[in-house]
Amino acid sequence: LCDAIAEREVATATASGVECGSGQGTYAIASEHAHSNSVLLARREFCVDGVWHTWIDYERFADLCAQKTERISATEYMAQTPEWAR
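Residues numbered from 1 in each chain as written. Predicted model: local features only at pLDDT ≥ 70, side-chain atom pairs only at ≥ 80, totals over all residues. Heavy atoms only, no water.

Participant: A description of the pairing of strand β4 (residues 38-43) should follow, citing residues and the corresponding values.
Facilitator: The pairing of strand β3 (residues 27-33) with β4 spans 6 bridges and is antiparallel. Each bridged residue has a counterpart across the sheet, and for H33 the counterpart in β4 is S38. Counted along the chain from β3 to the antiparallel partner β4, the turn is 4 residues long, and its residue N37 has a positive phi close to 55 degrees. (Pairing = 2+ DSSP bridges. Helix = DSSP H or I, 4+ residues; strand = E, 2+ residues; numbered from the N terminus.)

Encoded structure:
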C-alpha cells in the first residue's frame, strides 16, 4: 500500500522513515506500521519544518476551548509526533 501511494506522488517513503515534505497532494504518509500493514495519513499542514505533528496537545486544546469563542484550528493544538511513533 505504501508503495502504491508513493507511486501516485502522495508521499515518499524512505528506509529511515517518511519524508513529510516531499511529493504532491493534500495528504501524505505520516507513519507506517509494517507488522500490521497500516499507515497513518495526515494532511501536509501537519508537517512543520520536516517533522510530523500528528499528536494532540490536550492541555493546549483545553486552554483554547476556555479562552476562545470562535472556531479553533487543529494547527493551534497540534503536537510533534514522538520519535517512537514515526
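Participant: Give a detailed account of the packing of aromatic side chains, specifying residues and quantitative values.
Facilitator: Per the counting criterion, the structure on display carries 2 aromatic pairs. Relative to W84, the ring of W55 lies with its centre 5.7 Å away and its plane at 90 degrees, an arrangement referred to as edge-to-face. With W55 in strand β7 (residues 55-56) and W84 in the segment after β8 (78-79), this residue pair connects regions lying 29 residues apart in the sequence. Residue W55 is classed as partly exposed on the basis of its relative accessible area of 38%. Ring geometry for F61 and Y77: centres 4.8 Å apart, planes at 70 degrees, overall edge-to-face. Of the two residues, F61 is situated in helix α2 (residues 58-67) and Y77 in the loop between α2 and β8; the sequence distance between them amounts to 16 residues. (Phe/Tyr/Trp six-rings, centres within 6.5 Å; stacked < 30°, edge-to-face > 60°. Buried < 20%, exposed > 50% of the residue type's maximum accessible area, 1.4 Å probe, protein only.)

Participant: Outline the environment of R44, supporting the account with residue identities and numerical values.
Facilitator: Locating R44 in the fold gives a position in the loop between β4 and β5 (47-48). Each C-alpha atom of the pair R44 and A28 lies 6.3 Å from the other, and the pair is 16 residues apart in sequence.

Participant: Any details on the environment of A79? Residues and values, ideally.
Facilitator: Structurally, A79 is set in strand β8. Placed 33 residues apart in sequence, A79 and F46 show a C-alpha to C-alpha distance of 9.1 Å. Other than its neighbours up to four places away in sequence, A79 contacts H53, T54, W55, I56 and D57. (Contact = heavy atoms within 4.5 Å.)

Participant: So what's going on with the pattern of salt bridges? Residues and values would help.
Facilitator: Counted according to the given criterion, the structure contains 2 salt bridges. A salt bridge links E76 to K68; its shortest N-O distance comes to 2.4 Å. On the accessibility criterion, K68 (27% relative accessible area) is partly exposed. (Salt bridge = Lys/Arg side-chain N within 4 Å of Asp/Glu carboxyl O.)

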